[in-house]
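Remarks on the overall topology
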Amino acid sequence: MRRPIVVGNWKMHGSRAENTALVEHLIQGLDGRQAAEVIVCPPHVYLQEVVRQTKDTLLHVGAQNVATEPSGAHTGEVSAAMLKDVGCRYVIVAHSERRTLYREDDAMVARKFRAVLSHGLTPILCVGETLDERENGTTEAVIARQIESVVAVAGIDTLAHAVIAYEPVWAIGTGKNATPDEAQAVHRFIRDRIASRDGNIAAGLRILYGGSVKAGNAAELFAMPDVDGGLVGGASLKGDEFMDICAAAG
Ligand code: PEP
């Protein structure tokens, strides 16, 4: 039985005052009846404060990005050890905005994935195709490449300690989500592909859907058998809506 997860990716939004109010709202709403594990990923500069505010609550904290390197002369970077030190549990790796806007390639993604795991944090590895790739019929090839490039470096066993988020690039921030059937088909593909290497890891792996998840579509997406929750951008900034999405996850 896979416990669902709902992750809020705040991206580069928020302020101390807004975060405090939003987190308080979520803490009040998480009364223990939700089956899903709920995580918020604030910008780095706010992590420590959100970790403090969520101490001993049902809300957990993740980071949106991590350095490939453990320490040293890397101005502006934040290491996995630092994220661990301030109390993060999860790290989003390879969000499509990082892949495209900041040119993170597969090799860099694999190094970040390994850095996160080596500090006992859980990577949320994002994969997904662009609209062109979907229309060219290369969705599965793209996703296989994105996963294989990590597995080749980190090993298949590491997926026992990771979460995968399938985020079709054309659905992120566009208001146009994948249909439940489209999402299920790709999630099934991912699970089958991993099962061909290790059935137990595939069966236990949580695969989240991301891309314009809202209160109005979350239940039908999360009802699909291989969809184990969601990675939520815009809607995670609205307290009531995010709580409704969490409730839809079980
Ligand atoms: C995301 O940021 O990962 C995301 C899926 O954004 P949105 O929910 O706004 O599409």
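Sequence order as written defines residue numbering, which begins from 1 separately in each chain. At least 70 in pLDDT is required for a residue's local features to be given in this predicted model, at least 80 for side-chain atom pairs to be given and counted, and no such filter applies to totals for whole chains, interfaces and linings, which use all residues. The basis for every side-chain value is the complete set of heavy atoms in the structure, and neither hydrogens nor water enter the calculation.

For the rest of this paragraph, the subject is unusual backbone geometry. Residues other than glycine seldom take positive phi values, yet D56 does so here, at roughly 60°. Helix and strand definitions follow DSSP, with helices as H or I runs of at least four residues and strands as E runs of at least two, each counted in order from the N terminus. Mapped onto the fold, D56 is located in the loop between α2 (47-53) and β3 (59-63). Here the phi dihedral of A94 falls at roughly 70°; this positive angle occurs in a residue that is not glycine. By secondary structure assignment, the location of A94 is in the loop between β4 (90-93) and α4 (96-101). For A94, a relative accessible area of 2% corresponds to the buried category. Note on exposure labels: buried denotes an accessible area under 20% of the residue type's maximum, exposed denotes more than 50%, and partly exposed covers the range between, all computed with a 1.4 Å probe on protein chains only.

Here we come to the nonpolar core. Among the nonpolar cores identified, the biggest contains 70 residues, and V6, L159, I164, I190, I194, Y209 and F222 are the most heavily contacted of them. Should any heavy atoms of two residues lie within 4.5 Å, those residues are counted as being in contact. Among residues more than four places away in sequence, those in contact with I194 are I156, L159, I164, I201, A202 and L205. Among buried residues, those of type Ala, Val, Leu, Ile, Met, Phe, Trp, Tyr and Cys that are joined through side-chain atoms within 4.5 Å constitute a nonpolar core.

Right, let's talk about empty space enclosed by the protein for a bit. The pocket and cavity definitions rest on a 1 Å grid over protein atoms only: a 1.4 Å probe that fits but cannot leave marks a cavity, an open set with protein on both sides within 12 Å along at least five of seven lines marks a pocket, and residues lining either have an atom within 4 Å of a point. Grid points are joined across faces, edges and corners, and a volume is the space filled by probe spheres set on the points. Counting across every chain of the model gives one cavity of 30 Å³ or more. Broken down by element, the lining of the largest cavity gets its largest block of residues, three residues, from helix α7 (residues 139-154). In this classification, the charged set is Asp, Glu, Lys and Arg, the nonpolar set is Ala, Val, Leu, Ile, Met, Phe, Trp, Tyr, Cys and Pro, and all remaining amino acids, among them Gly, are polar. Partitioning the lining of the largest cavity into residue classes produces four nonpolar, no polar and three charged.

A side chain of one charge can pair with a side chain of the opposite charge when the charged atoms of the two come close. Think of a salt bridge as a Lys or Arg side-chain nitrogen and an Asp or Glu carboxyl oxygen that are within 4 Å of each other. Within the structure shown, the criterion is met by 19 salt bridges. E37 is the salt-bridge partner of R206, the closest N and O atoms lying 3.2 Å from each other. Placement of the pair is R206 in strand β7 (residues 206-210) and E37 in strand β2 (residues 37-41), with a sequence separation of 169 residues. The exposure class assigned to R206 is buried, which follows from its relative accessible area of 18%. The class of E37 is buried, set by a relative accessible area of 11%. Where E104 meets K112, a salt bridge forms, and the shortest distance between an N and an O atom there is 2.6 Å.

On to the layout of surface pockets. Approximately 440 Å³ is the volume found for the largest pocket. Forming the walls of the largest pocket are 14 residues, and the residues nearest its centre are K11, M12, Q64, R98 and Y102. In this structure, the second largest pocket spans a volume of roughly 270 Å³. As for the second largest pocket, its lining consists of 21 residues, and the residues nearest its centre are G173, S212, G233, G234 and A235. In the lining of the second largest pocket, the residues fall into six nonpolar, 10 polar and five charged.

Checked against the element boundaries, R99 lands in helix α4. Exposure remark for R99: the relative accessible area of 15% places this residue in the buried category. Beyond its immediate stretch of four places on either side in the chain, R99 contacts A94, E104, D106, V109, C126, V127 and Q146.

Near residues are defined by distance, with any heavy atom within 4 Å of the molecule or strand qualifying the residue. What surrounds the ligand is a group of 14 residues, the closest being K11, E167, G173, S212 and G233. Any pair of nitrogen or oxygen atoms within 3.5 Å is treated as a polar contact; in protein, a donor-acceptor pairing is required on top of that, and neighbouring residues in sequence qualify only through side-chain atoms on both sides. Here an oxygen atom of the ligand and a backbone polar atom of S212 are 2.8 Å apart. The Shrake-Rupley method, run with a 1.4 Å probe sphere, supplies the accessible areas, and residue values consider only the shown protein chains as cover. Calculation on the ligand without its partners gives an accessible area of 290 Å², and the protein chains cover 95% of this total. Here the criterion for a molecule occupying a pocket or cavity is that more than half of its atoms lie within 2 Å of the pocket grid points. Put simply, the ligand lies in the second largest pocket.

So, about α7. Note: α-helices contain 3.6 residues per turn, so residues at a spacing of three or four share the same orientation. One fewer than the residue count of a helix, multiplied by 1.5 Å, yields its expected span. For α7, spanning 16 residues, the distance from its first C-alpha to its last is 23 Å, which sits close to the expected 22 Å at 1.5 Å a residue. Residues of α7 that are buried make contact with α4, α5 (106-118), β5 (122-127), α6 (131-135), β6 (163-166) and α8 (180-195). Positive backbone phi, at 95°, marks G155, one or two positions downstream of α7.

Right, let's get into the sheet that holds β3. Whether two strands pair comes down to DSSP finding at least two bridges between them. Taking strand neighbours around the barrel as the criterion, the eight strands line up as β1-β2-β3-β4-β5-β6-β7-β8 in a closed arrangement whose pairing is parallel. Direction aside, neighbouring strands of the sheet carry axes that sit 25° apart on average. When β5 meets β6, the two strands line up parallel, connected through four bridges. Along β6, the bridge assignment pairs L125 with I164. Each axis is a line fitted through C-alpha atoms, and for a helix only the stretch in contact is used; angles between axes span 0 to 180 degrees, taken between their N-to-C directions. Against the sheet, α5 makes contact with β4 and β5, and its axis sits at roughly 160° relative to β5, the strand it touches most. Packing of helix α11 (residues 239-248) onto the sheet brings it into contact with β1 (5-9), β2 and β8 (229-232), and relative to β1 it is tilted by some 155°.

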